[in-house]
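Tertiary structure, described
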Amino acid sequence: MNAASAFHFDSLVWDWPIAIYLFLLGISSGLVTLAVLLRRYRPQAGGPDSTLLRTTLVLGPGAIILGLLILIFHLARPWTFWKLMFNYSLTSVMSMGVMLFQAYTAVLILWLAKIFEKELLALLPRVGVLRTALGWLTPLHRPLETLLLALAVLLGAYTGFLLSALKSYPLLNHPLLPALFLVSGLSSGAAAALIAMALRPRGIEAQFIHRVETPVVWVEIFLLAAFFIGLALGDAGKTRALAAALGGGFWSLWFWLGVVGIGLVLPMLLRPWLSRRPTLAGTLLVSGASLTGVLLLRFFILYAGQLTVA
């Protein structure tokens, strides 16, 4: 299979904008999860001056909005998207996702508004109702933070549920896909945070991210292995899907060179060197490789998963 046919084949339904959409949702989910955990376990470092919190302020809602815009303009009739935003169906995975996005975005904005209360009031000093509303949020901020953590985890897993609901594709219809996407989203959030910290160094925060990042990477490797072992031990459709994905050809090379080589092996080899001699270029290289690997994983799962139909 050449590059042209790898991205255009008869059974393809969801193409590259969906992969980018899933990638952006994972970054938002990962960053918000890490930001909440930082405030819980390193509260002295989780204030408005925190690089992680400031990165979350920009990329948390920003990635969600950009992802939804990509999804909207990818539709055949983007002007009808508003119907999906207000007509809910508990039997539709897409509709449930829209409900989750709305709840997550609303809670995220309220949570960030309270954290950056001083900056927000300085920016809008004449809006008296804003000060009153932020005052009301004070006793609710802790439970709001707990709710946000739950929504962020659900959002990270939802990106996998969205694909696993495609029952006619054996590779995508896999119970481990939500967990794999949740963990790889955490990995991308950590990488984005470390890039921001390389530009604006924060020692305590960087140590916290590194302590979380290492076990997350190993869990991601375990889930990838379990994902493919599950396919190998599955029915005829799943073994055919595994052979199509990793049995040679374009997507097999994409996985081994891109997802494994760039996304996992290269950062693991370079991290010990970087910990001894931390540099901006080294951090950008290692964290950039991790981010690239997560993006390539989204493309691999999406496209290789649609190669085989049950």
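About the cut-offs
- Residues numbered from 1 in each chain as written.
- Predicted model: local features only at pLDDT ≥ 70, side-chain atom pairs only at ≥ 80, totals over all residues.
- Heavy atoms only, no water.
- Helix = DSSP H or I, 4+ residues; strand = E, 2+ residues; numbered from the N terminus.
- Rg over C-alpha atoms; globule rule 2.2 N^0.38 Å.
- Buried < 20%, exposed > 50% of the residue type's maximum accessible area, 1.4 Å probe, protein only.
- Contact = heavy atoms within 4.5 Å.
- Phe/Tyr/Trp six-rings, centres within 6.5 Å; stacked < 30°, edge-to-face > 60°.
- UniProt positions renumbered as here; feature names shortened; annotations may be inferred.
- Patch = residues over 30% accessible without salt bridge, like charges linked within 9 Å, V, L, I, M, F, W, Y side chains within 5 Å.
- Areas by Shrake-Rupley, 256 points an atom, 1.4 Å probe, with all protein chains shown as cover.
- Salt bridge = Lys/Arg side-chain N within 4 Å of Asp/Glu carboxyl O.
- Core = buried A, V, L, I, M, F, W, Y, C linked by side-chain atoms within 4.5 Å.
- Axes fitted to C-alpha atoms, helices over the stretch in contact; angles between N-to-C directions.
- Parallel < 35°, antiparallel > 145°, perpendicular 65-115°, else oblique.
- Left-handed = near helix turned anticlockwise from the far one by under 90°.

The subject of this paragraph is the overall build of the protein. A tally of helices and strands in the protein yields 13 helices and 0 strands. When the elements of the protein are put in sequence order from the N terminus, they spell out α-α-α-α-α-α-α-α-α-α-α-α-α. A compact globule built from 310 residues would reach a C-alpha radius of gyration of about 19 Å, and the protein, at 20 Å, matches this within 12%. Over its C-alpha atoms, taken along the principal directions, the protein stretches across nearly 65 × 55 × 30 Å. Taken over 310 residues, the protein has a buried fraction of 48%. Intrachain contacts of the protein at a sequence separation of at least 6 include 76% that bridge at least 24 residues.

This structure, assessed with the given rule, holds 17 aromatic pairs. Between the aromatic rings of Phe228 and Phe255, the centroid separation amounts to 5.1 Å while the plane-to-plane angle is 80°, which identifies the pairing as edge-to-face. Here Phe228, found in helix H10 (residues 203-232), pairs with Phe255, found in helix H12 (residues 250-276); they are 27 residues apart in sequence, far enough to count as distant. Accessibility expressed as a relative area gives 3% for Phe255, which makes it buried. With 5.3 Å between their ring centres and 15° between their planes, Trp251 and Tyr303 make a pair best called stacked. Here Trp251, found in helix H12, pairs with Tyr303, found in helix H13 (residues 280-305); they are 52 residues apart in sequence, far enough to count as distant.

With that out of the way, let us pick up the UniProt feature "transmembrane region" (unreviewed entry) in the protein. Following the UniProt record, the feature "transmembrane region" (unreviewed entry) maps to residues 18-39, 51-76, 88-113, 147-166, 178-200, 212-233, 253-270 and 282-304 here. Helix makes up 95% of residues 212-233 and strand 0%, whereas the separation of the span's terminal C-alpha atoms amounts to 32 Å.

Our focus in this paragraph is a nonpolar patch on the surface. A contiguous nonpolar patch, built from Leu123, Leu124, Val127 and Val129 and spanning about 370 Å² of accessible area, is present on the exposed surface. In this fold, Val129 is placed in helix H7 (residues 128-137).

Our focus in this paragraph is the pattern of salt bridges. All told, the structure shown has 5 salt bridges when counted by the stated rule. The shortest N-O distance in the salt bridge between Glu145 and Arg40 comes to 3.0 Å. Of this pair, Glu145 sits in helix H8 (residues 141-164) while Arg40 sits in helix H2 (residues 16-41); the two residues are 105 residues apart in sequence, bridging distant segments of the chain. Given the relative accessible area of 26%, Arg40 is considered partly exposed. Note that Arg54 and Asp49 form a salt bridge whose closest N and O atoms lie 3.4 Å from each other. Residue Asp49 is classed as partly exposed on the basis of its relative accessible area of 37%. Connected through salt bridges with shared partners, the residues Arg39, Arg40 and Glu145 form a single ionic network.

It is worth spelling out the nonpolar core at this point. In this structure, Leu52, Tyr104, Trp111, Ile209, Phe300 and Ile301 are the most contacted members of the largest nonpolar core, which totals 84 residues. The element that contributes the greatest number of residues to this core is H2, accounting for 13 residues. Non-local contacts of Phe300, meaning those with residues more than four positions away in its chain, are made with Phe228, Ala245, Leu246, Trp251, Trp254, Phe255, Val259 and Gly305.

Glancing now at the packing of helix H3 (residues 51-74) against helix H5 (residues 93-115). Between H3 and H5, whose axes approach to 11 Å, the crossing angle comes to 155°. By the angle between their directions, the pair H3 and H5 is classed as roughly antiparallel. Here H3 and H5 pass one another in a crossing that is left-handed. Counting all contacts with H3, which are made through Leu53, Thr56, Leu57, Gly60, Pro61, Ile64 and Leu68, the residues of H5 involved are Phe101, Tyr104, Thr105, Leu108, Trp111, Leu112 and Ile115.

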